[in-house]
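Overview (structure and organization)
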Amino acid sequence: MYIAPSMLSADFNNLAQSIRMVEEAGADYLHIDIMDGDFVPNISFGPMLYQGLRAQSKLVFDVHMMVTNPERYVDQVVKAGADVVTVHVEATPHIHRALQLIKAAGAKAGVVINPGTSVAAIEAVLGQVDQVLVMTVNPGFGGQAFIPATLDKVRQLADLRQKQGYSYLIEVDGGVNDKTAADCLAAGADILVAGSYVFGHSDPVQAIQTLKDLA
Ligand code: DX5
Ligand code: ZN
């Protein structure tokens, strides 16, 4: 199991320090949310923000693109230091090409589904991806309540992986905390993204430890 604190909830006045803190606390990934104000009703930041942090951290930079037609920015996102890039199936008519472009740029590729999207929508690309991200809230904002019905898709993806011999990791994102994480793990999730639970905690180091102890 891997813990992926979401930078969206970090202290932007002390970004480098916040990231060092979660790295020292035993986080594995840094989840980085790029929002364009079009695919989702919010704007966050672009790849320039993490480019400067890349050299200071050994965390896996896991870039979640909430961007319409993400293929336009794949090269830029990878060059800035992404190790894994995930793109929404709802954001492009050419998901297969978007995933190919990510790999050609030298990163691992992942596909994302919103709470309203079924696993069937991504079945054709499951053999092509390193990661599948199941949104457990509607994307756009941190601090929202976990949607339990999404867990059925985590179970379906874990089943398909076993039956078809796929090797993707299953990631969950949104509303993950000490109460919802156990259900995610039981359903088959490998990577837990947590934003407000970690960075909004009085002791973020303890919050990460609490999640790790669930494994
Ligand atoms: C939401 C983002 C998440 C967000 C999660 O659109 O994709 O990564 O940071 O935040 P929490 O963990 O607070 O729900
Ligand atoms: Zn995210």
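Anything mentioned here points back to the structure above.
Residues numbered from 1 in each chain as written. Chains lettered and ligands numbered in written order. Predicted model: local features only at pLDDT ≥ 70, side-chain atom pairs only at ≥ 80, totals over all residues. Heavy atoms only, no water.

**Focus: the nonpolar core**
Ranked by size, the top nonpolar core spans 64 residues in total, and within it M7, Y50, V85, I122 and L157 carry the most contacts. The biggest single contributor to this core is helix α5 (residues 151-164), with 5 residues. If we ignore the near neighbours within four places in the chain, the residues touching I122 are V89, V111, I113, V132 and L157. Core analysis: the second largest hydrophobic core is formed by 5 residues, M35, F39, V40 and A91 among them. (Core = buried A, V, L, I, M, F, W, Y, C linked by side-chain atoms within 4.5 Å. Buried < 20%, exposed > 50% of the residue type's maximum accessible area, 1.4 Å probe, protein only. Helix = DSSP H or I, 4+ residues; strand = E, 2+ residues; numbered from the N terminus. Contact = heavy atoms within 4.5 Å.)

**Digging into the site of ligand 1**
With respect to spatial proximity, 20 residues lie near ligand 1, and among them S6, G140, D173, G195 and S196 are the closest. H64 is positioned such that a nitrogen or oxygen atom in its side chain is 3.2 Å from an oxygen atom of ligand 1. A distance of 2.7 Å separates an oxygen atom of ligand 1 from a polar backbone atom of G140. Alone, ligand 1 offers 380 Å² of accessible surface; in the complex the protein occludes 100% of this. Mapped by element, the contributors of at least two residues to the shell around ligand 1 are β2 (29-35), β3 (60-66) and β8 (191-194). Sorting elements by how many residues they give to the shell around ligand 1 places β2 first, with 3 residues. Split by residue class, the shell around ligand 1 holds 8 nonpolar, 10 polar and 2 charged. (Near = heavy atom within 4 Å. Polar contact = N/O pair within 3.5 Å; in protein donor to acceptor, adjacent residues only side chain to side chain. Areas by Shrake-Rupley, 256 points an atom, 1.4 Å probe, with all protein chains shown as cover. Nonpolar A, V, L, I, M, F, W, Y, C, P; charged D, E, K, R; others polar.)

Everything listed here is a matter of coordinates, which is why it stays silent on function.
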